Amino acid sequence: MRIKLHKCNRWLSLALLPLLLSHSHAVIAQQELRVCADPDNLPFSNRKQEGFENKIASLLASQLNAKLSYIWQRQKTGFIRQTLGAERCDVVMGVPYGYERVLSTQPYYWSSYVFVTARNRHLSITSFDDPILRQLKIGLHGIGSDGSNSPPASALAVRGITGNLVGYSMWGDASIKNPQAQVIEAVAKGDIDVAIVWGPIAGYYAKKYGNDLELTLAPHDPKLPDMPFDYEISLGVRKTDQAFAEKLEKILEQQRGKIHNILTIYNIPLIQPVNGPVVSLMNTD
Amino acid sequence: MDIKKRLSDNRKQSGISKPQFVKSRAGMLGAILLGSTSLLSETALATDWASPGGTQDGQRYSALNQIDTTNVGALVEDFSVDTGVKGSHMGEPLVVGSILYAVTPFPNKLIAYDLANKGAKLWTYTPKVNKYAKGVNCCDAVNRGAAYANGKIVFNLLDNTTVAVDAIKGTEIWRNTTADVHSGVTTAGAPIIVNGKVIIGTVSGEMGVRGWVLALDLATGKELWRGYNTGPDKDVLINSQTKLPYTTAGNNTDLGQTTWPSNTWQQGGSSAWAYLTYDQETDTVFYGTSQPGVWNPELRPGDNKWGSSIFARDPNTGAVKWVYQVTPHDNWDYDATSENTPVTLSINGVSRKLLVHFNKNGFAYAFDRQTGEIIRADQFVTDVNWANSINLTTGRPLVNADKLTHTGKTTNDICPSALGGKGWEPGSFTPSTGLFYVPTFNLCMKMHMLKAEYVYGAPYMAMDMAISGALTDPTYTSELIAWDAAKGQKVFGLKEPSAIYGGVLSTAGDLVFYGTQDKVFKVIDARPAQAVNGIPKVLWSTKMECSTVGNPITFTGPDNKQRVAVFSGVGAMAGGFGGGACTGKAGGKVHVYKLP
């Protein structure tokens, strides 16, 4: 499936970042790669280091010839301030490219919010203006604090599609093993008709349902011109760690194949940049 | 000695002789008084500070008057003690007998200091806390204090465990975990102890949880009742006796469910994380709820009850006596977590049992505390523009449509800011002046969407909120105001360039104590007659090593001399808008002041 995407100003924002250098952290990082990560957030990371971010962190550490260590912290509001900001670690494995609170490296993967439906329903939703959305039960993750929402939630909000939403928590009691998976399970069980979920979560938890579930890119919404649905994800370091960022970028570039393999194993839906115009391929296998 | 009688008189008396502790040979305090728990069962002595608000009604007023307007200028530091924990020290220490108790930020240690020995540390209770909670809340993991009754110090750990600790021995008597920290719930509020029940509320409004309050048996820790703040009436504990002012009879069933689209009430936020208060006369517990969550306002059309609401509950059963939503369909994070103080005041010659609440939305409400009817609602800060007034017939604000927030758009110059005209920082009330002393913020904000954030593994577009100086006069951040709740008028005010981010203490010495974020701790004269051109006299101030985000308390030491104490220690969150994070190497401190 080939989908056209808007242009990303990836070079521009990096050029604007202040060129502040700090040697101390880079030196520490050579001996020890201190990663701040969520202790319970698959497919990204967990304390047992089973997430794809854990695997990529191991790869980085081995390339840096550094010992890998973790500071575990729940990834919620205040995460950056309390981790990189408090100098408790040197790198955060996933931030949107250009994220202003950190210095983000060149992105190492590109994914998108996706529609998750049962393949045998043949819903093939391609637009938020599809009238069928008003008749479907739609599952979403409640993410932000008040006033903050996922892009699909906002797209539904501006259309007044509010009565048929089913909210799923990203958090749950310990009795619920993977609370983030519930919204995907609900589609598989037929409790809801469609889930609109961030790609890596959707791909990972949909994997076990094989061909029964269909993932399609949530399209860019013309009513929300400034709101992307796809995000390029980078490593994040302190804004003062320019040299360290460059070192990491070099490794990301050298290890592109291995990183892609890791992401594929976790069934992360990837938008793959191709040469020429910004046209991309979505891989949902 | 008739302790009960003395308790009831404690507002009028001063210089009450203090019950004494003696040290046993083992160095452990043996209880002369605390051992016989009935003596100190429900209410504290006026010489102690045994509940978060000093007294159950949360007036933060003490009848102690040794320190007064004539001598306060000579106040000196008696001693200070370290807590050994960094971060924001919110809430207040407790004093019972000759022990001062401090609960620290995470890992929520309880430390007992000997007031007979310059604050020498007697013991530290270090609870087992779920490590997960640290991850959920980590470095700004505050605690807003403990409560004392029946020989027990009771407080909440961050991981949703409430513990009762033997006030003398420092040993754990019971613990009860009331919510799974994995669900995003944390508890940092102070409990209140009423009729042998410990009443607590949830903290996290932002994590998509559904708020509640519950009661635990003081003796055993067993859960007795739980009332949710959103959902159907049976969950909220609304029954046929409940008064629902400003709703239509016959059409007001399950409003906590029907004022939300679909099942979004299940992640409706509306937690109860600040101070609960209790009115003995009507046997009612009061608290306010935070803003509705977790979806942005356009995704939850409707009033979203009972977010941003004030609850009156029967402490024995949890049943709702009345509930009123202050800000329907809260767009601005105004919530209603500021404390609700029962006072009886004369309005137009008629004595009224009031409940006074200074809302973040910039209006000061005086309710009939038995019915929830609004008697007055008056603007108490200079810039309020989200609503023009509160309609006393409908009970609804007259909202200014220009100040609603919209997805993808910027709304400028909304006043007050999301910090509120007044936030969670508790004010005080002095019976002799009949005035409230209220820490206010003089700030506005702009809100707009569309800022890429990445939380818990998913990018989303966050609301960006920029808080700025007020429109009329941006030269000051905070103002300590004296407020006549009967007339709905400011009587005087002291403008502060540096924010007041902590509570206020009133004493019978006509004094009002509070701190500002420039490390200053000060006293003003409570009497309106002493104010010049509407500005009160500053009678004393001192510079601490670090600012306070706590609430000052007063008590008498074992020498029967009045003391005043306050936490210092500011973590990243509070420091972010104040004077910066600061705690010494040995952590936060409790400063204790006395007359020389």
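Treat the numbers as computed from the prediction; the structure is a model and nothing was measured.

All right, on to the overall build of chain B then. Along the backbone of chain B there are five helices and 40 strands. Across the 596 residues of chain B, 67% fall into the buried class. For chain B, the share of sequence-separated contacts (at least 6 apart) that also reach a separation of at least 24 residues comes to 61%. Carbon and sulfur atoms form 49% of the exposed surface of chain B, whose accessible area is close to 18800 Å².

Now for the nonpolar core. Tyr-109, Ile-138 and Ile-184 of chain A are the most contacted members of the largest nonpolar core, which totals 91 residues. Setting aside chain neighbours within four positions, we find Ile-138 of chain A in contact with Leu-133, Leu-156, Ile-161, Asn-164, Leu-165, Val-166, Val-194 and Ile-196 of chain A. The next biggest cluster of nonpolar side chains, apart from the first, holds 49 residues, and it includes Phe-155, Val-163, Ala-167 and Phe-567 of chain B.

This part is about the packing of aromatic side chains. Residue and element names in this part refer to chain A. Inspection of every chain in the model, using the stated rule, returns 36 aromatic pairs over all chains. Judged by centre distance (5.9 Å) and plane angle (25°), the rings of Tyr-204 and Tyr-266 are stacked. In this pair, Tyr-204 sits in helix 7 (residues 199-206) while Tyr-266 sits in the loop between helix 9 (256-265) and strand 14 (270-273), placing the two residues 62 residues apart along the sequence. Look at Tyr-204 and you get partly exposed, because its relative accessible area is 25%.

With that settled, the discussion passes to unusual backbone geometry. All names here are of chain B. Phe-106 connects to Pro-107 through a cis peptide bond whose omega is 15°. Among the secondary structure elements, Pro-107 is positioned in the loop between strand 6 (99-103) and strand 7 (110-114). In this chain, Cys-415 is followed by Pro-416 through a cis amide linkage whose omega measures -5°. The topology assignment puts Pro-416 in the loop between strand 27 (410-414) and strand 28 (428-430).

What follows deals with the state of the cysteines. Applying the stated criterion to the full structure yields two disulfides over all chains. Between Cys-36 of chain A and Cys-89 of chain A runs a disulfide, and the two sulfur atoms are separated by 2.2 Å. On the S-S bond that ties Cys-36 of chain A to Cys-89 of chain A, the torsion sits near -115°, and the link is left-handed. With Cys-36 of chain A in strand 2 (residues 32-37) and Cys-89 of chain A in the loop between helix 4 (79-82) and strand 6 (91-96), this pair connects stretches of sequence that are 53 residues apart. A relative accessible area of 1% means that Cys-36 of chain A is categorised as buried. For Cys-415 of chain B, the disulfide goes to Cys-444 of chain B, at an S-S distance of 2.1 Å.

The next thing to look at is the side chain of Asn-442 of chain B. Residue and element names in this part refer to chain B. Tracing the backbone through its elements, the reader meets Asn-442 in the loop between strand 29 (435-441) and strand 30 (443-455). A polar atom in the side chain of Asn-442 sits 2.8 Å from the backbone oxygen of Asp-473. Residues within four places of Asn-442 in sequence aside, it is in contact with Asp-383, Gly-469, Ala-470, Asp-473, Tyr-476, Thr-477 and Ser-478.

Bringing the pattern of salt bridges into the picture now. Evaluated as defined, the whole model comprises 33 salt bridges over all chains. With a closest N to O distance of 2.5 Å, Asp-78 of chain B and Lys-118 of chain B form a salt bridge. Here Lys-118 of chain B lies in the loop between strand 7 and strand 8 (120-125) and Asp-78 of chain B lies in strand 4 (residues 76-82), a separation of 40 residues in the sequence. Asp-78 of chain B gets classed as buried once you look at its relative accessible area, which sits at 12%. Put simply, Asp-235 of chain B and Lys-234 of chain B hold a salt bridge, and the shortest N to O gap is 3.3 Å. Residue classification places Asp-235 of chain B among the buried positions, given a relative accessible area of 18%. Taken together, the shared-partner salt bridges in this structure form one network comprising Arg-34, Asp-90, Arg-238 and Asp-241 of chain A.

Residue and element names in this part refer to chain B. If you walk across this open sheet you meet the four strands as 17-18-19-20, and the pairing is antiparallel. Both outer strands of the open sheet, strand 17 (277-279) and strand 20 (320-325), are each paired with one neighbouring strand and no more. Averaged over neighbouring strand pairs, the angle between their axes works out to 20° when direction is ignored. Summarising the sheet, strand 18 (residues 284-288) and strand 19 (residues 309-313) pair through four bridges and their orientation is antiparallel. Within the sheet, the bridge partner assigned to Val-285 lies in strand 19 and is Arg-313.

About the thresholds
- Residues numbered from 1 in each chain as written.
- Chains lettered and ligands numbered in written order.
- Predicted model: local features only at pLDDT ≥ 70, side-chain atom pairs only at ≥ 80, totals over all residues.
- Heavy atoms only, no water.
- Helix = DSSP H or I, 4+ residues; strand = E, 2+ residues; numbered from the N terminus.
- Buried < 20%, exposed > 50% of the residue type's maximum accessible area, 1.4 Å probe, protein only.
- Contact = heavy atoms within 4.5 Å.
- Areas by Shrake-Rupley, 256 points an atom, 1.4 Å probe, with all protein chains shown as cover.
- Core = buried A, V, L, I, M, F, W, Y, C linked by side-chain atoms within 4.5 Å.
- Phe/Tyr/Trp six-rings, centres within 6.5 Å; stacked < 30°, edge-to-face > 60°.
- Disulfide = S-S within 2.5 Å.
- Polar contact = N/O pair within 3.5 Å; in protein donor to acceptor, adjacent residues only side chain to side chain.
- Salt bridge = Lys/Arg side-chain N within 4 Å of Asp/Glu carboxyl O.
- Pairing = 2+ DSSP bridges.
- Axes fitted to C-alpha atoms, helices over the stretch in contact; angles between N-to-C directions.

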